[in-house]
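Reading the structure
What follows is each chain in one-letter form.
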Amino acid sequence: MAAAKTWKPEWKQDVVYMHVFPRIMSKGVPNFSPFAVKLETWLRINKIPFEVVDHMGMSTKGQSPFIMFNQKEYPDSNLIIEYLTDYFSVSMENCLSDVEKAISRAFLKMIEEDMTWSIFWYRYVDHFVDEYLEYLKPSDDPEKAKAFAEHLGSSVKNRAVSHGIGRHSNEEIYKIGSDDIRAISKYLGDKTFMMGDNPTLIDCCLFGFIIQITDVPINFPMRDVIKKECPNILQFVDRVKTKYWSDWDKQSI
């Protein structure tokens, strides 16, 4: 991969500089990007040295988060994790059989490419201005914040329609997300983590996405499902916070 611009000039060898939307933009969670929280959770669990760089820009692929690592840019959270797994010889997934790895991948894809739309639709399209804008601060200027909300809402709606899920009614979209959550809860059961006693990538993914629902107190239909039907998911969130985010209160404004 070709060298990219170094956003942090005083870089150190083998330190991951994780470029994410500024923490100050989010209330209740460390970052409003579930992919950023997923990546940071993975770095924390595997004790890989990293620094968070607040950055409004995107990678050369137009994605956030991305990392600068040894003066090269690496975009896309899953590709970043794949690269760093090889570089640091991370053994997180070694405890899984081939069948378990297949199940884990299927859940990851369900969360990132299906359930995520119910979250994004509610907060960016259906209830951005009247609810979610209270927990996202794109600008101190109310007019700029509103313009940002309208642009992002329109962008997400267009992408959702292109994907196909945006062609459904609001109720159908939220039912899809709620059914995904129920499936996750059933599989998690009374296990400590999704695949057993030890955390793996799917736990980082689940945590990054599910806290966007549990820790942002807006009226997600999926939030009611978690509270009323899936107490094991709430327990899972608490376990990850306690073990890997002991500074949670400092990181989530």
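Values in this document were obtained by computation on a predicted structure and should not be read as measured data. (Residues numbered from 1 in each chain as written. Predicted model: local features only at pLDDT ≥ 70, side-chain atom pairs only at ≥ 80, totals over all residues. Heavy atoms only, no water.)

**Remarks on helix α5 (residues 170-188)**
Note the following rule: Going along the chain from the N terminus, every DSSP run of H or I of four or more residues is numbered as a helix, and every run of E of two or more is numbered as a strand. The span one expects for a helix is its residue count, reduced by one, times 1.5 Å. Burial classes follow relative accessibility: with a 1.4 Å probe on protein chains only, a residue under 20% of its type's maximum area counts as buried, one over 50% as exposed, and anything between as partly exposed. In this description, one arc is meant: the one made by directions from the helix axis to the C-beta atoms. We call two residues in contact when some of their heavy atoms are within 4.5 Å.
Between its terminal C-alpha atoms α5 stretches 27 Å, which fits the 27 Å expected from 19 residues at 1.5 Å a residue. When we look at burial in α5, the residues that qualify are I173, Y174, G177, S178, D180, I181, I184, S185 and L188. Relative to the axis of α5, the buried residues are bounded by an arc of 155° and lie together on one face. Seen from the buried face of α5, the exposed residues on the opposite side, beyond 90 degrees, are E171, K175 and K186. Buried residues along α5 sit in contact with α3 (98-126), α6 (201-214), α7 (221-229) and α8 (231-244). Of the residues trailing α5, G189 is marked for its positive phi of about 55°.

**Remarks on helix α4 (residues 142-163)**
Helix length check: α4, at 22 residues, gives a terminal C-alpha distance of 31 Å against a target of 32 Å (1.5 Å per residue), a fit within 8%. Of the positions making up α4, those classed as buried are A145, A149, L152, G153, V156 and A160. One side of α4 carries all its buried residues, which in axial view fall inside an arc of 110°. Exposed side of α4, more than 90 degrees from the buried face: E143, K144, H151 and S162 are the residues found there. Considering only its buried residues, α4 is in contact with α3. In the stretch just after α4, G164 is the one whose phi turns positive, near 120°.

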